[in-house]
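Chain by chain, the residues run as shown.
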Amino acid sequence: MTSEKTPAAGHTGGAATSSDNAPATTDSPSANKMWGGRFSMGPAEVMEQINASISFDQRLYAQDIQGSRAHCNMLIAQNIVSQEDGDAILKGLDTILREIEAGSFTFSAALEDIHMNVEARLRELIGDAAGRLHTGRSRNDQVAVDIRLWVRDSLDQLDAKLAELQESLIDKAETYADSVMPGYTHLQAAQPVTFGHHLLSYVEMLGRDRSRVADCRTRLNECPLGAAALAGTSFPIDRHATAQALGFDRPTANSIDSVSDRDFALEYLSIGSILAIHLSRFAEELVIWCSEGFRFVDLSDAFTTGSSIMPQKKNPDAAELVRGKAGRVIGSLNTLLMVMKGLPLTYGKDMQEDKEPLFDATDTLALCVAATTGMVRDLTANEARLKAATAAGFLTATDLADWLVRVLNLPFRDAHHITGTIVQRAEAAGCDISDLPLADMQAVEPRITEAIFEVLTVESSVASRTSHGGTAPNRVREAATEARRRFL
C-alpha cells in the first residue's frame, strides 16, 4: 500500500480479470497524476513496477469496499458529506463490488493499489462526488483496516477448518480406541498405547492452535480507521461508529500506533507457523507409518501417488508435501519479521511487503489443513501390524516395575533396577519378558510370583493406564466424547 497523499483518480477500461489471479492491467504513458501538483513528471518504469501492489493486494477488494462503506456512512451521519453524495458513493461502491466479483473489473498497475483502483472507478461512475469519500482518512489507516479485516476473516475461516480436522481425528480415535500399538520416545518403542489415544494427541495440539487463533482475533479487533495518515484528523468523525459498523470492539487508542502496527499480522503468521509444525509432525508420522518397515496405516489412492518407473510404488506424497510446506509458512513469518524489525514510526513503504507473506501463508495453510483432513478421513489403520509391533522392545517393562512397587512395596528406583536386569536376561534369551520363565525372574527377585504375568500383556498394560489423560480404551472413549464437547 502507498503513502498518505489523497490522489486524483482515474480508471481505464479493459479485459476482465479474476480477483484472485494475476490482474489485467492498463498503464498510461502519460505523467502520473496521482500526486496532484507536487510532481511534474511520471515515475520511471522500474519505479512503477516496484511501487505497484495491485497484482496482489486486489485480494483485499471486499475488505476495502467494506471499510469505505462504513467510512461513508459515518461521514453522512456526521454531516461531513451530504446525503446525496453519500448515497451516490454507496451505490457506486456496490457496483464496483459486483464488477469485481463478476470478473469484469480491470485493475490498473498505474493506479498502484486496490484503494486507488476502486476510487478511480468510483469517479468514473459518479463523478466528483467520489473525491469526498477520502475525507478524514488516509491510505495509511485505510490499508490498516483492510488488513485487519482480511486477517480477521482468515482467522475465522482457519478456525472452522481446524474444527473439521479435529472432528475427523476424533472420529478415527473412537474407531481405534482399542487398537494397541507401540508408543515411542526417541523413535524407540517405549510403552503400549492405543492408536486412538495417539490420534487424540493431535486433537489437543489443534485445540491450542484454535485458542491462539481466538486470542489473536481478540487482540486485533480494534479499528484503526480514522487515524488518518498518523496524527488523526480535524474533521468531526465518529471513530466509534465506524468501529461498530465493521464489527470491531473499539477504535484503536493511538493514531501513530494505528498506522504503524503490524503485530496482529506477525501474531497471525506465528500462529500459522506453530500450526504448520503440528501438521508437519503428523505428516512425518504418516510417512513413517506408511513405510515398509511399519505399514501401520494405509492412505487411499486419493492422497498418494505412483512412480513413473517403479509400478509397485504408492507414495504418501500429500503427507510429504504438508511436511515440506511448513517451511514455506515459517519463511513467511521470517519475511515479515525482517521487514518490520528496523522501521521507525509510523508508515514506511516497506510495509507494503506485509501482504504477500500473509496471502501465501494463508493459502498454504488452507491447502495443508484440507489435505490433512482428507488423509485422516481416508486413513485405515492396519491393526494386525500395530499389534505385532508391540511384541518388540519390551514394552511392558514399566508394568513389571510398577507391579514390584505395588505388590512387593519396593521403592521405584529399586524396582527399576530389578526390571532392567530381567530385561537383560530376556534379551539374552531372545524373548520378550512376558515369555521369560518365572524361575529366571525369581533369580533376580525371589518374591516375584506367577501373578506377574497378568500385567505383562499389552492389553493389560493399556487397560491399566486409567489416569486422567491415559491410554486405557475406556479413557480414550471418554476423552473423545469430552473433546467433542470442548472443541466442536
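Residues numbered from 1 in each chain as written. Predicted model: local features only at pLDDT ≥ 70, side-chain atom pairs only at ≥ 80, totals over all residues. Heavy atoms only, no water.

This paragraph deals with helix α18 (residues 473-487). Relative to the 21 Å expected for 15 residues at 1.5 Å per residue, α18 spans 21 Å between its end C-alpha atoms, a close match to the ideal helical length. Within the sequence span of α18, burial applies to P473, V476, A480, A483 and F487. Buried residues along α18 cover an arc of 65° about the axis, so they all sit on one side. Every exposed residue of α18 that faces more than 90 degrees away from the buried side is listed here: N474 and R485. Considering only its buried residues, α18 is in contact with α6 (139-175), β2 (188-194), α7 (195-220) and α17 (458-464). (Helix = DSSP H or I, 4+ residues; strand = E, 2+ residues; numbered from the N terminus. Expected span 1.5 Å × (residues − 1). Buried < 20%, exposed > 50% of the residue type's maximum accessible area, 1.4 Å probe, protein only. Arc of directions from axis to C-beta. Contact = heavy atoms within 4.5 Å.)

Of the pockets and cavities examined, the largest pocket occupies roughly 430 Å³. If you trace the largest pocket, you find 17 residues lining it, with H197, L200, G469, G470 and A479 closest to the centre. Those elements that place two or more of their residues in the lining of the largest pocket are α7 and α18. For the lining of the largest pocket, a count of residues per class yields five nonpolar, seven polar and five charged. (1 Å grid on protein atoms, 1.4 Å probe; cavity = no way out; pocket = protein on both sides within 12 Å on 5 of 7 lines; lining within 4 Å. Points joined across faces, edges and corners; volume = space filled by probe spheres on them. Nonpolar A, V, L, I, M, F, W, Y, C, P; charged D, E, K, R; others polar.)

So, about the pattern of salt bridges. Oppositely charged side chains can pair when the atoms bearing their charge come close. Counted by the stated rule, this structure contains 31 salt bridges. Residue E222 pairs with R250 through a salt bridge whose shortest N-O separation is 3.2 Å. Of this pair, E222 sits in strand β3 (residues 222-223) while R250 is found in strand β4 (residues 250-251), placing the two residues 28 residues apart along the sequence. Overall, R250 belongs to the partly exposed group, its relative accessible area being 41%. A salt bridge links R465 to D399; the nearest nitrogen and oxygen atoms lie 2.8 Å apart. Here D399 lies in helix α14 (residues 397-408) and R465 lies in the loop between α17 and α18, a separation of 66 residues in the sequence. Taken together, the salt bridges that share partners define one network made up of E99, R121 and E124. (Salt bridge = Lys/Arg side-chain N within 4 Å of Asp/Glu carboxyl O.)

Throughout the structure, instances matching the rule amount to seven aromatic pairs. Between the aromatic rings of W150 and F359, the centroid separation amounts to 4.8 Å while the plane-to-plane angle is 65°, which identifies the pairing as edge-to-face. With W150 in helix α6 and F359 in helix α12 (residues 355-378), this residue pair connects regions lying 209 residues apart in the sequence. Each member of the pair, W150 as well as F359, is classed as buried. (Phe/Tyr/Trp six-rings, centres within 6.5 Å; stacked < 30°, edge-to-face > 60°.)

Another aspect to go through is a nonpolar patch on the surface. Together, V46, M47 and I50 make up a nonpolar patch on the protein surface, roughly 320 Å² of accessible area in all. The topology assignment puts I50 in helix α1 (residues 45-51). (Patch = residues over 30% accessible without salt bridge, like charges linked within 9 Å, V, L, I, M, F, W, Y side chains within 5 Å. Areas by Shrake-Rupley, 256 points an atom, 1.4 Å probe, with all protein chains shown as cover.)

Applying the stated criterion to the full structure yields two cavities of 30 Å³ or more. Considering only enclosed or pocket space, the largest cavity measures out at about 60 Å³ in volume. Forming the boundary of the largest cavity are L165, L169, Y202, M205, L206, H278, L279, F282 and T372. Counting only elements with at least two residues in the lining of the largest cavity, the list comes to α6, α7 and α10 (263-290). Residues belonging to the lining of the largest cavity are distributed by class as follows: seven nonpolar, two polar and no charged. By volume, the second largest cavity amounts to about 50 Å³. Together, D64, S68, L93, H115, V118, E119, L133, R137 and Q142 line the second largest cavity. Only α3 (61-77) and α5 (114-126) provide two or more residues apiece to the lining of the second largest cavity. Among the elements that take part in the lining of the second largest cavity, α5 stands out by supplying three residues, more than any other.

Our focus in this paragraph is the pairing of β2. Pairing between strand β1 (residues 180-185) and β2: six bridges, direction antiparallel. From the neighbouring strand, M181 faces β2, where its bridge partner is V193. Linking β1 to β2, which pair antiparallel, is a turn of two residues; within it H186 sits at a positive phi near 60°. (Pairing = 2+ DSSP bridges.)

Here we take up the packing of α6 against α12. Where α6 contacts α12, the two axes come as close as 9 Å, and the packing angle between them is 15°. By the criterion of interaxial angle, the relationship of α6 to α12 is roughly parallel. Considering how the two elements wind past one another, α6 and α12 form a crossing that is left-handed. Residue composition of the contact of α6 with α12, by class: twelve nonpolar, five polar and five charged. (Axes fitted to C-alpha atoms, helices over the stretch in contact; angles between N-to-C directions. Parallel < 35°, antiparallel > 145°, perpendicular 65-115°, else oblique. Left-handed = near helix turned anticlockwise from the far one by under 90°.)

Summing up the model confidence of the protein, the mean pLDDT is 92 and the portion of residues at 70 or higher is 92%. Long-range and interchain partners of residues 1-31, a stretch whose pLDDT sits below 50, account for 98 contacts in this model, where long-range means more than four residues apart. (pLDDT = per-residue confidence, 0-100.)

Right, let's get into the nonpolar core. In terms of nonpolar packing, the biggest core is built from 90 residues, with V151, L169, F195, W289 and L358 touching the most fellow members. Element by element, the count of residues in this core is highest for α10, at 16 residues. Setting aside its immediate chain neighbours within four residues, F195 contacts Y176, S179, M181, W289, V297, L379, A381 and L386. Residues L410, I422, I433 and V455 belong to the second largest nonpolar core, which totals 21 residues. (Core = buried A, V, L, I, M, F, W, Y, C linked by side-chain atoms within 4.5 Å.)

The next point concerns the packing of α7 against α10. Across the interface, α7 lies against α10 with an axial gap of 9 Å and an inter-helix angle of 170°. Considering their axes alone, α7 and α10 lie roughly antiparallel with respect to each other. Its residues placed into classes, the contact of α7 with α10 shows 15 nonpolar, two polar and seven charged.

Put simply, L345 and T346 share a cis peptide bond, and its omega is 10°. By the element assignment, T346 lies in the loop between α11 (317-340) and α12. Although it is not a glycine, L187 sits at a positive phi angle of roughly 60°. Along the chain, the position of L187 falls in the loop between β1 and β2. You can call L187 exposed: its relative accessible area is 55%. Within the chain, N409 stands out as a residue other than glycine whose phi angle is a positive 60°. Among the structural elements, N409 can be located in the loop between α14 and α15 (412-429).

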